[in-house]
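# Analysis of the macromolecular model
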Amino acid sequence: MSGQGPGVGGSLVCQESYACGGSEEAAFECDECKSLQCARCEMELHRQERLKNHERTRVAPGHVPFCDSCKGEAGGRHRAAVRCQGCKINLCLDCQKRTHSGVNKRKHPLASYPPPKAVDAGVSEAEVLRAQLLDKVRSFLLVDENEEMQVKDEDEFVRKLDCPPDQLLKVVSIFGNTGEGKSHTLNHTFFLGREVFKTSATQESCTVGVWAALDPIHKVVVIDTEGLLGAGSHQGQRTRLLLKVLAISDIVIYRTHADRLHDDLFKFLGDASDAYLKHFTKELKATTARCGLDVPLSTLGPAVIIFHETVHTKLLGSDKPGETAERLLQERFRKLGRFPEAFSSVRYCGTRTYNPPTDFSGLLRSLEQQLDNSTTRSPRSPLVVFKALQALSERFSGEIPDEHQALSSFFPDEYFTCSSLCLSCGSGCRNSMNHLREGVSHEAKHRCRYSAHYDNRVYTCKACYEGGMEVIVVPKTSASSDSPWLGLARYAWSGYVIECPNCDVIYRSRQYWYGNQDPVDTVVRTEIRHVWPGSDGFLKDNSNAAQRLLDGVNFMAQSVSELSVKPAKAVTSWLTDQIAPAYWKPNSLILTCHKCSSVFQENDTKHHCRACGEGFCGECSSKSRPVPERGWGLAPVRVCDACFEQRGVRPELLDLDPEEEEGGTVIARKVGEAVQSTLGAVVTAIDIPLGLMKDAARPAYWVPDQDILCCYYCQLAKPGACKKTRSCPEGRSQL
């Protein structure tokens, strides 16, 4: 290799004559070639296989090469003062005296570089100061690959950043596919090439999780992220972690080393924009209010810089003078159906690297322009940055099943929404993750369908709904104002009841002899509601009428037995007095037969004459005839002997009010059917084993008694060991 010395007037010329003849301005310094090289010579020389891996440094204004003779010695490297044209090496003054003191070498022509002191005073002083600041910088793990914060609080965050708590900072993060050199880019852009973020020449990823460091020069929190498309588990969680970092960043660098921009870049940024607007803007506003932050978190996303490094292809827009790179980017987004609306700006920064090293100066200039722009996003304290990331980590966390990892989108809704599914229809909840912590109930994406297993049909009072209220009503065996006995009697006669807290009893299923309408058509609205895991609302609210009737019968039988009175007789006497017509003589006052005056014993049956209402024994009231004047219609009913012989209508009954007569009819008919039905229920509950009735009245979701072999929880009882079982509201057996 031959060459000439430094140029005149402060500029350095090429020291090689390989392609340019040594006349062009130097652009690189190659340590291994030990020469300054122009761009043409550098490219032609290092195209060769044996030279292509040489380390080169780009020559900047005021650049002085290092001494070739003292390189690597214990005293450190010194800047060259001269270049020996005969030896083709750069020498400092000490090395020049030491190596060229002989007779022969003393005659070698020398070319001088600018005085070292002038260079040190003009350039090195600032470099030394900057280097001293950056020497202290260390990166630390902020969030691991499982989305768990590795910094416990804001004090530790400030301590690891090594900055004042009130220091105003911006956040710059980097994204890209694995192996694209993201850590290398940050090291050379912000930290003068120091390995603040770990780099590796192996196939394994050198960055796992999210790492952070502070650039004290630009007052920036620099965040390094794990690469996309890497091999590893929990890919869904790792991808979701990237969006959390994006949400707290002011500037995002998307690093790509491809010769052409791939669709994955545009899909990633477009999907990130959609997910940011849909899931993160609301949470950032809530975090500002919840944490009482002085600086509100911007709901507009960060600025994006696409850093594109090519080798064999031209940069975007360089072959189209009338088109800007930013407009071409927007056109690519539009063709793919992605719209980066969440980002404050999307800019393009390209560099073409014919041979290493990569020139990061253009990227640094673009970053400094964005950092100086505070119109959209202002600097904020480390406390605000940490709380924002912590809030997003708490809200959007948890494992993501493999089936939710969609290939059509980088950030599907399942990564950020509640994972609960309706037990009845399988529809998912559309609220954000962990919304129950804030008292927000589940909300489904679709309407539910009815399931007999969960009985998820809900009734609401129609009158209240029309008045602007939604009041849930439940079919029950009795009204809340009824005692157990009276409620059972009314249930036997009038069927189940629907009671509204505001409107009282609004429906009875057998209120009339015929023509009873369905409650849905008259007094209630129906709604099929979702059944969420862990919710027992339907099990508590929806009444099982048959089981409640059985409970009421059992209560009556136990109460009557405790009073030591024969159940059938006691219930008959009490019930008849409760709902008897006004003209009937109460059972409690009937001590003897009205005709024969025989005294009634405890087990004797008292009969009422439907015509006169007096009490008789069976022999004195064995006849029957129609009593229409009392409202009993034309069918024969029990009457006493005297009323049987008096076939005509008594004169005082002709003057009765028709409405009163009709009311007497209803009440009289209630007596017959209610007493008969109630007695039948009570006798059945006492005389027939209770287990047979329980199988008939058992709700659909209850486990049958014959299938209950042990306690659902303790599993201790052996088959047949427990004499009594009961079911919890969820239908499980307990001993």
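Residues numbered from 1 in each chain as written. Predicted model: local features only at pLDDT ≥ 70, side-chain atom pairs only at ≥ 80, totals over all residues. Heavy atoms only, no water.

## With respect to the sheet that holds strand E8 (residues 170–175)
Taken in spatial order, the seven strands make up an open sheet running E7-E9-E10-E8-E11-E12-E13, and their pairing is mixed. The open sheet terminates on both sides in strands that have one partner only, identified here as strand E7 (140–143) and strand E13 (343–352). This sheet shows a mean twist of 25° between the axes of neighbouring strands, independent of strand direction. Sheet topology places E8 next to strand E10 (residues 220–224); five bridges connect them, and they run parallel. By the bridge assignment, Ser 173 is partnered in E10 with Ile 223. Relative to E13, helix H8 (residues 325–335) is tilted by about 115°, and along the sheet it contacts strand E12 (301–310) and E13. (Pairing = 2+ DSSP bridges. Helix = DSSP H or I, 4+ residues; strand = E, 2+ residues; numbered from the N terminus. Axes fitted to C-alpha atoms, helices over the stretch in contact; angles between N-to-C directions. Contact = heavy atoms within 4.5 Å.)

## Points about the confidence of the model for the chain
When the pLDDT values of the chain are averaged, the result is 75; 72% of them are 70 or greater. Between residues 116–123, whose pLDDT stays under 50, and residues either more than four places distant or in other chains, the model counts five contacts. With pLDDT under 50 throughout, residues 560–565 is counted as low confidence; its partners more than four residues away or in other chains account for seven contacts. (pLDDT = per-residue confidence, 0-100.)

## Considerations on H8
Burial in H8 covers these residues: Ala 325, Leu 328, Leu 329 and Phe 333. An end-on view of H8 places all buried positions within 145° of arc, on one side of the element. Positive backbone phi, approximately 70°, marks Gly 337, located one or two places after H8. (Buried < 20%, exposed > 50% of the residue type's maximum accessible area, 1.4 Å probe, protein only. Arc of directions from axis to C-beta.)

## Things to note about the sheet that holds strand E6 (residues 110–112)
Taken in spatial order, the three strands line up as E5-E4-E6 in an open sheet, and their pairing is antiparallel. Edge positions in the sheet fall to strand E5 (89–91) and E6, since each has one partner strand and no second. Looking at each pair of strands side by side, their axes are set apart by 30° on average, direction ignored. As judged from the three bridges shared by strand E4 (residues 82–84) and E5, these two strands associate in the antiparallel manner. Across the sheet, Val 82 pairs through a bridge with Leu 91, a residue of E5.

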